[in-house]
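# Reading the structure
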Amino acid sequence: MNAQASESTSPVGVFVGLATLDVVHRVSAAPAPNQKITSSAQFVAAGGPAANAAVTFAALGGTAVLVTALGDDPVAALIKADLAAFGVRVIDAAEGSTRAVPVSAVTVIESTGDRSVVSADAVNSDASPPEDLEAVVAGADVVLVDGHHPLIACAAAEHAAARVTTLVVDAGRWKPVMSELIPHATDMVCSADFRAPGTSDTASTAAALVGSGVHTVVTTHGGDPVEWWSEGSSGSVDVEPVAVVDTLGAGDAFHGAYAYYSTQPGSLSERIDRSAHVAALRCSVIGPRAWLHELSADTLHYPRTRKRQR
């Protein structure tokens, strides 16, 4: 961990959802049909929304636990080893069985940092919750679910709600399980593309979520200001400009930071500002892991906050 914090005093985050093996290539341009190209760099690392968020949480000084379903497979072993190297404890609900482990083929365009991903996921996974999930959630200061492995996600959400523990839902896109998670969510962190059924834009989606009982809704827009709605108020927080070289996992970094800062003193706008700072840092460094070494205690106490109130 770069932000030095002892395990006894560090916040505990439980992350429930997808873990993949990402095979990443940096290229000058996307290949045309039937074309073979040579990448300028390649990386292999664990990926997936919940896994990346857990890595970020651990790098900021938290104790991160990832609950996922991988099983006994050589690819799963690679994923677990990478996550362990970055301070994430993995609870594998599929341990002792063999299942297809998602592998993501990722290209990152050198000139823009834009990424393209082809991958399997776990939206329709039938993995059952591990027997000790209730005890794991009981020890958490914050729980994040990404909508993958829905049976596990729902169980974790119910346990978090029963203990009145902060439950962050990573809402990158609408998934069928969202309708079951929303009643338990305290915080929904949405992408600009996320739409609740029957809504047409971010504002109407936020209104629908707040109307369903979600305490706080946050919507990211890449490099544009982050919008928020909470306790009858709304506003936005500016995002610092950076030279973007790699956007892979930037949203996941925001979610992991948001989960971490939800356990720390500070206002919602400060939490968003610090999370956006972490995501911006991620975009400014090439590769899925090198940016973590740039995190420091300065990140934890980053003072800049520019809030627009509505």
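Details of the structure are given in the entry above.
Right, let's walk through the structure included here. (Residues numbered from 1 in each chain as written. Predicted model: local features only at pLDDT ≥ 70, side-chain atom pairs only at ≥ 80, totals over all residues. Heavy atoms only, no water.)

## Notes on the packing of helix α1 (residues 49–59) against helix α7 (residues 250–261)
Interhelical geometry of α1 versus α7 gives an angle of 50° and a closest axis separation of 7 Å. As judged from the angle between their axes, α1 and α7 are oblique. The two elements α1 and α7 meet at a crossing, and its hand is right-handed. Contacts between α1 and α7 involve Pro49, Asn52, Ala53, Thr56 and Phe57 from the first element and Asp252, Ala253, His255, Gly256, Ala257, Ala259 and Tyr260 from the second. Among the residues forming the contact of α1 with α7, the class breakdown is 7 nonpolar, 4 polar and 1 charged. (Axes fitted to C-alpha atoms, helices over the stretch in contact; angles between N-to-C directions. Helix = DSSP H or I, 4+ residues; strand = E, 2+ residues; numbered from the N terminus. Parallel < 35°, antiparallel > 145°, perpendicular 65-115°, else oblique. Left-handed = near helix turned anticlockwise from the far one by under 90°. Contact = heavy atoms within 4.5 Å. Nonpolar A, V, L, I, M, F, W, Y, C, P; charged D, E, K, R; others polar.)

## A look at the packing of aromatic side chains
Aromatic ring pairs are defined here through the distance separating the ring centres and the angle between the ring planes. Under the defined criterion, the tally for this structure stands at 5 aromatic pairs. Ring plane angle 70° and centroid distance 5.6 Å describe the contact between Phe57 and Tyr260, whose orientation is recorded as edge-to-face. One end of the pair, Phe57, is in helix α1; the other, Tyr260, is in helix α7, and 203 residues separate them in sequence. The pair formed by Phe57 and Tyr260 is uniform in burial state, with each residue classed as buried. Seen from their ring centres, Trp174 and Phe194 are 5.9 Å apart, and the 35° between their planes marks the pair as tilted. Placement of the pair is Trp174 in the loop between β9 (166–171) and α5 (178–181) and Phe194 in the loop between β10 (187–191) and α6 (202–211), with a sequence separation of 20 residues. For Trp174, a relative accessible area of 30% puts it in the partly exposed group. The ring of Tyr258 carries Arg271 above its face, with NZ or CZ at 5.1 Å from the centroid. In this structure, Arg289 packs its charged tip against the face of Phe86, placed 5.1 Å from the ring centre. (Phe/Tyr/Trp six-rings, centres within 6.5 Å; stacked < 30°, edge-to-face > 60°. Buried < 20%, exposed > 50% of the residue type's maximum accessible area, 1.4 Å probe, protein only. Lys NZ or Arg CZ within 6 Å of the ring centre and 35° of its normal.)

## Section: helix α8 (residues 268–283)
Under the 1.5 Å per step criterion, the end-to-end length of α8 is 23 Å for 16 residues, consistent within 8% with the ideal 22 Å. Within α8, 15 of the 16 residues are buried, which leaves the element mostly enclosed by the surrounding structure. (Expected span 1.5 Å × (residues − 1).)

## Description of α7
Here α7 contains 12 residues, and its C-alpha end-to-end distance of 16 Å stays within 8% of the 16 Å for a straight helix at 1.5 Å per residue. For α7, the tally of buried residues reaches 11 of 12 residues, placing the bulk of the element in the interior. If you check which residues of α7 are buried, you get Ala250, Asp252, Ala253, Phe254, His255, Gly256, Ala257, Tyr258, Ala259, Tyr260 and Tyr261.

## Comments concerning the nonpolar core
Grouped together as the largest cluster of nonpolar side chains are 47 residues, with contacts concentrated most on Phe15, Val218, Phe254 and Ile272. Secondary structure elements with two or more residues in this core: α1, β4 (63–68), α2 (74–85), β8 (142–145), β12 (224–230), α7 and α8. Among the elements that line this core, the one with the most residues is α1, at 8 residues. In terms of nonpolar packing, the next biggest core, distinct from the first, is built from 37 residues, Ala160, Leu181, Val217 and Trp229 among them. (Core = buried A, V, L, I, M, F, W, Y, C linked by side-chain atoms within 4.5 Å.)

Geometric values such as these leave the question of function open.
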